[in-house]
Amino acid sequence: MEHTHIHAEGEESHGHPHAAIEQTEAPGYYEIMETAVRELLIEKGLIKAGEIRRQLEVLDSRTPALGAKVVARAWVDSDFRQRLLDNGRKACEEEFGISFYDDTELIVLENTPTVHNAIVCTLCSCYPRPLLGLPPDWYKIAPYRSRMVREPRKVLAEFGTHIPDDVALHVTDSTAQVRFLVLPLRPAGTESFTEQQLAALVTRDAMIGVIPVTLENQESVS
Amino acid sequence: MQRTFFEPKASENDVVLYTDEEPSFKPGDHIRVLTRTPVGHYRVPQYLRGKRGVVERVIAPKAVDNEAEGFGHDAGDKGRYYRISVLMRELWNDYSGNEQDALNIEVYQNWLETAG
């Protein structure tokens, strides 16, 4: 649909045309079911509409920047790194006040010169949401979910990541109680970086394990 | 490198533990994932059924069986999840990467048996 519009003057115009944000298709089966269940729960007083809105607000407030802070701290503070590897959830809660509102545990997988870790959820879209926010779309759809356990090196190569033959690739399929975070290798040449500068290098995809952390993100350091 | 956190402490002071308080498997144990075909909600992917692997760590704390929980059964009845490691070449005959490439996954106790 190529419908475009320009905001009328007086609206918050940002000076370019774009597709109207509107719902054009009838809601699907599960969408209707979700709405019906939600309305019933509210009608029976089991939950309040405000609670759903509040939880959406919490979900949206969590972003990969939180995870990046955790990774950078682990790089500069070996005591914290050890606590993080011993009990990821506890270390994040104690050190950063990051609450695990979905009551999941967190295992942090440390990349080493001989082992590279990557994460997938073949059955659905389990993801460390308290720490990284919502997962990217590619993480949730079938091609990544099925191929990542079948031909992971090929999938990583498509992300531009070539794992050397002498490095073991450990793919974690996240299925139940536990969520996972990859602790990437600290890139060479960052010895003089501050913790904040290091955090700016750490991206979402590096914490899923599909790319390494590189100095390419350095421009974004302010 | 084995981490220690998720392994329960050995009992101290000669305390006798109740049945099932201690995990059935410990890190390093060789296990096999059962070949079962439950109808409905399951948390063990098809590609894992019948495969051999090694216990990497015992996950703490104990938790409910997600499969039973999906049907509202056994609420509050908790057991153990084990993080197991299965070699890619065990999963796929034609796997061509590093021999040590592996798939790690957490599996509930009722899906695991000892493999010699």
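Residues numbered from 1 in each chain as written. Chains lettered and ligands numbered in written order. Predicted model: local features only at pLDDT ≥ 70, side-chain atom pairs only at ≥ 80, totals over all residues. Heavy atoms only, no water.

**Q** What should I look at first to understand the overall build of chain B in this one?
**A** Each helix and strand in chain B was counted, giving two helices and five strands. The linear arrangement of helices and strands in chain B, starting from the amino end, is β-β-α-β-α-β-β. Taken over 116 residues, chain B has a buried fraction of 40%. In chain B, 63% of the contacts between residues at least 6 apart in sequence involve partners at least 24 apart. (Helix = DSSP H or I, 4+ residues; strand = E, 2+ residues; numbered from the N terminus. Buried < 20%, exposed > 50% of the residue type's maximum accessible area, 1.4 Å probe, protein only. Contact = heavy atoms within 4.5 Å.)

**Q** Sorry, what's going on with the overall build of chain A here?
**A** The helix and strand tally for chain A stands at eleven helices and six strands. Of the contacts made within chain A by residues no fewer than 6 positions apart, 60% connect residues no fewer than 24 positions apart. Working note: accessible area of chain A is about 12300 Å², and carbon and sulfur atoms make up 54% of it. (Areas by Shrake-Rupley, 256 points an atom, 1.4 Å probe, with all protein chains shown as cover.)

**Q** Sorry if this is basic, but what is going on with the interface of chain B and chain A here?
**A** When the parts of a complex come together, some accessible area is lost, and that lost area is often used as the size of the interface. In this assembly, 30 residues from chain B lie in contact with 32 residues from chain A. Summing both sides of the interface, chain B and chain A together bury roughly 2600 Å²; the carbon and sulfur share of this comes to 50%. Across the chain B-chain A interface, the total number found is two salt bridges. Note that B:D94 and A:R150 form a salt bridge whose closest N and O atoms lie 2.9 Å from each other. Run the count over chain B and chain A and you get 16 residue pairs in polar contact (both at pLDDT 80 or more). Those elements that place two or more of their residues in the side of chain B that touches chain A are β2 (52-64), β3 (78-87) and β4 (102-108) of chain B. For the side of chain B that touches chain A, the element with the highest residue contribution is β2(B), accounting for six residues. Per-class residue counts for the side of chain B that touches chain A are 18 nonpolar, five polar and seven charged. (Buried area = accessible area lost by both parts, 1.4 Å probe. Salt bridge = Lys/Arg side-chain N within 4 Å of Asp/Glu carboxyl O. Polar contact = N/O pair within 3.5 Å; in protein donor to acceptor, adjacent residues only side chain to side chain. Nonpolar A, V, L, I, M, F, W, Y, C, P; charged D, E, K, R; others polar.)

**Q** Help me understand the packing of helix α3 (residues 64-76) of chain A against helix α5 (residues 88-96) of chain A, please; the structure alone is not making it clear to me.
**A** Two numbers describe a pair of packed helices, the interaxial angle and the distance between the axes. Residues and elements named next belong to chain A. Where α3 contacts α5, the axes come no closer than 11 Å and their chain directions differ by 95 degrees. Judged by the inter-axis angle, α3 sits roughly perpendicular to α5. Contacts between α3 and α5 involve K69, V70 and R73 from the former and C92, E95 and F96 from the latter. Taken together, the residues of the contact of α3 with α5 break down into three nonpolar, no polar and three charged. (Axes fitted to C-alpha atoms, helices over the stretch in contact; angles between N-to-C directions. Parallel < 35°, antiparallel > 145°, perpendicular 65-115°, else oblique.)

**Q** I'm lost on helix α1 (residues 29-43) of chain A in this one. Help?
**A** Residues spaced three or four apart along an α-helix point in a common direction, a consequence of the helix completing one turn every 3.6 residues. Spanning 15 residues, α1(A) covers 21 Å between terminal C-alpha atoms, matching the ideal 21 Å at 1.5 Å per step. In the segment just after α1(A), A:G45 is the residue with positive phi, at about 80 degrees. (Expected span 1.5 Å × (residues − 1).)

**Q** In this structure, what is going on with the confidence of the model for chain B? I would like to understand it.
**A** Interpretation of the predicted coordinates at a detailed level should be avoided for regions scoring low in pLDDT. Residue and element names in this part refer to chain B. Scored by pLDDT, chain B has a mean of 86; 89% of the residues are at 70 or more. Between the elements of chain B, mean pLDDT differs from a low of 86, seen in helix α1 (residues 66-69), to a high of 98, seen in strand β1 (residues 30-33). In the model, residues 1-7 has pLDDT below 50 throughout and makes 19 contacts with residues more than four positions away in sequence or in other chains. At the level of chain-chain contacts, confidence expressed as ipTM amounts to 0.85, with global pTM at 0.84. (pLDDT = per-residue confidence, 0-100.)

**Q** Sorry, what's going on with the pairing of strand β6 (residues 178-183) of chain A here?
**A** Side-chain direction in a regular strand flips from residue to residue, so the side chains alternate between the two faces of the sheet. All names here are of chain A. Where burial is concerned, most of β6 is hidden: six out of the six residues are buried. Covered by surrounding structure in β6 are V178, F180 and V182 together with R179, L181 and L183, the residues of both alternating faces. Where strand β3 (residues 105-110) lies against β6, six bridges are found, and the strand directions are parallel. Paired with E105 across the strands is V178, a residue of β6. (Pairing = 2+ DSSP bridges.)

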